Structure formats: structure tokens, C-alpha cells
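Okay, here's what each chain looks like letter by letter:
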Amino acid sequence: MEFKFDVSDIFPSSVVEINPSLIPPGFAGDRRGLTNVVAKVAEVVNAMGDASAAAQGLSNPITTAERLRKADQTVYLLVDREAKGGKGVVTGMLKTGKKSLYIFDRDGQHHHVSPPCVLDFYVHESRQRTGLGKQLFEHMLKKESAQPANLAIDRPSEKLLSFMTKHYGLQAPMRQMNNYVVFDGFFPDVGSADVTGDTPENGTKQAANGLQTYTGPLGRYGAPRPPCSMGQIIHNQTSIQSTETTGPQIASQ
Ligand code: COA
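The structure reproduced in this document is the subject of the present report. All figures in this text were calculated on a predicted structure; none of them were measured in a lab.

A few points about the sheet that holds strand β7 (residues 152–154)
Thinking step 1. Judged by pairing direction, the sheet is mixed, and its seven strands sit side by side in the order β1-β2-β3-β6-β7-β9-β8 without closing on themselves. Of all strands in the sheet, those bounded by a partner on one side alone are β1 (15–18) and β8 (174–175).
Thinking step 2. Pairing geometry for strand β3 (residues 89–98) and strand β6 (residues 116–123), over seven bridges, is antiparallel. Within β6, the residue paired with Leu94 across the bridge is Phe121.

Overview of the pattern of salt bridges
Thinking step 1. Summed over the entire model, instances satisfying the criterion amount to seven salt bridges.
Thinking step 2. With its nearest N and O atoms 3.5 Å apart, the salt bridge here joins Glu43 to Lys4. Of the two residues, Glu43 sits in helix α2 (residues 31–56) while Lys4 sits in the segment before α1 (7–10), which places them 39 residues apart along the sequence.
Thinking step 3. Residue Glu43 is classed as partly exposed on the basis of its relative accessible area, which comes to 31%.
Thinking step 4. Arg175 serves as the salt-bridge partner of Glu158, at 3.6 Å between the closest nitrogen and oxygen. Of this pair, Glu158 sits in helix α5 (residues 158–168) while Arg175 is found in strand β8, placing the two residues 17 residues apart along the sequence. Of the two residues, Glu158 and Arg175, both sit in the exposed class.

Calculation notes
- Residues numbered from 1 in each chain as written.
- Predicted model: local features only at pLDDT ≥ 70, side-chain atom pairs only at ≥ 80, totals over all residues.
- Heavy atoms only, no water.
- Pairing = 2+ DSSP bridges.
- Helix = DSSP H or I, 4+ residues; strand = E, 2+ residues; numbered from the N terminus.
- Salt bridge = Lys/Arg side-chain N within 4 Å of Asp/Glu carboxyl O.
- Buried < 20%, exposed > 50% of the residue type's maximum accessible area, 1.4 Å probe, protein only.

Below, the structure is given as C-alpha cells:
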């Protein structure tokens, strides 16, 4: 994607990481220069967000500069600094961030997790299927010390699912009610050394990566039950403390 200003002036490398400050890496200048560069970065983020939304058939963009300013998220931009006679063009955008999510595994057990999430991903139409998406994704994995199977993906398109299969062998996505998708490998084995701090009192296992597994019953079956009055009569008790299973305590992280 082309801009009226020189992209290669503000972005010093082929992949740049933009955080909520919207200040590009390596920026050096006075206050006026800063205001100017931030406005340009905002324009790039908004244009890439709009193009991504159009490519996915969404009526509203997922990525805007305003949203990025307010959230603890990262936008990675892929830049071709040689294109347009050295002025540069932006060819891709990938947005990530951590989200607090409830995710069900294949056994129907639910987990409270705060994984790194792929929130938006776009490569310009003129450059798709040339390996740029993989280049951007690999950069992100390295920067975030993440493995592909550890990620949750927000509303992935069929193209992105195909991308995950082709490059990372991830198949049979587990689609969640919250529209996120995860793959096998997202959940550590319950018996593995990765899972620590077993607390049978509330049926919760805490994994090293912050993943909490609830092993107790869920929903109405897990709700606290009142003492059984018939049981009290049979056992000649005036009051009884319920010893029946109570539901999982859902902790917020
Ligand atoms: N149809 C089906 N699969 C596609 C595809 C398409 N039009 N474009 C890319 N893919 C998948 C395929 O697995 C492809 O491998 P193949 O060409 O051997 O079939 C692989 O991605 C190519 O990998 P790569 O070139 O590294 O990816 P890319 O640069 O095309 O970027 C996307 C991948 C998904 C970011 C890009 O296709 C895109 O921007 N799509 C539109 C927006 C979108 O769907 N974003 C995901 C939203 S969550």
C-alpha cells in the first residue's frame, strides 16, 4: 500500500513493531517531528486496518490507531523499503495482544487463559501467496517467544486457517463460542510437568503458562447445593453443613 509520504523515512526496517505510543522504532527528533511522525503512523495503521476489514468482508475495521492507543496490543508492519523508487510501501499488518478467555478443549473441559492472540492479519492483495505472511508471522513468533499452537486466533478466515495448516501443520481447529480458534497443542497435558499447583479443593489446576484448568463440574451441576432437608430428618439433625460438590471458583486474572 502506497502513501503520499515516504514510508521508508519513518520505518527503518522491513518489519516494524508499533505499540500504543505509535512512535516508530528508532525515532529521533523534536516535539514537532514526533507529532508529525505519529500522525503518519496513525494513517498507515488506519489504512491497513481498513484494507484488512475489506479483505475479510467486515463492515468495521478491527485495527485502528485510536484502538491501538487504548489497548495493550502490538501492530507489526511489513515494509518494502525499496519499492516506489525507494519511498517504500507497506505490504502487511499483523496485530497481536493478550486476552483473558474461556476456552473449551475437545473433552468439553473449560480453561481460563490469557494467551497471546492473533487479532488481525493482512497482506496486500498484490503480494499474497508470496511468503510475506509467513515472514511477518515468524517475526512475531520470535518477538513474542510464542509457538504457533500456543496462540488463540480471533475469527480466522479460511485463508488464515489454510495458512496455519500449510506453514505450521495445524489442522482441525477448535472453534469456540467467543469466535476464537485454537489448535491441538494449546492445552498442556494434565499429567505433564507443565501443570503445577494442583488445588483439588476447587478443582483448579494452574499451568506454568498461566492456563487454569477446571476439573470440577460446570454450570448448574457445579452450583452450590442447599442442605437436603430429608437427609436432616433421617439423620435426626437440626442443621447440616452441605458437603456436596460446589462449582469452580472462577478467578479473574
Ligand atoms: N486462498 C486460500 N489460502 C490462502 C490464500 C487464498 N487466497 N491466500 C493465502 N492462503 C494461505 C494458503 O495456505 C497459502 O499457501 P498456498 O499458496 O500454497 O495455497 C498460504 O496462505 C500462503 O502463505 P503466505 O504467502 O506466507 O501468506 P500470505 O502472504 O498470503 O498471507 C494472509 C496470508 C491470510 C494474511 C493473506 O492471505 C490475507 O491477507 N488474506 C486476507 C485477509 C485475511 O483473511 N486475514 C486473516 C484474518 S484473521
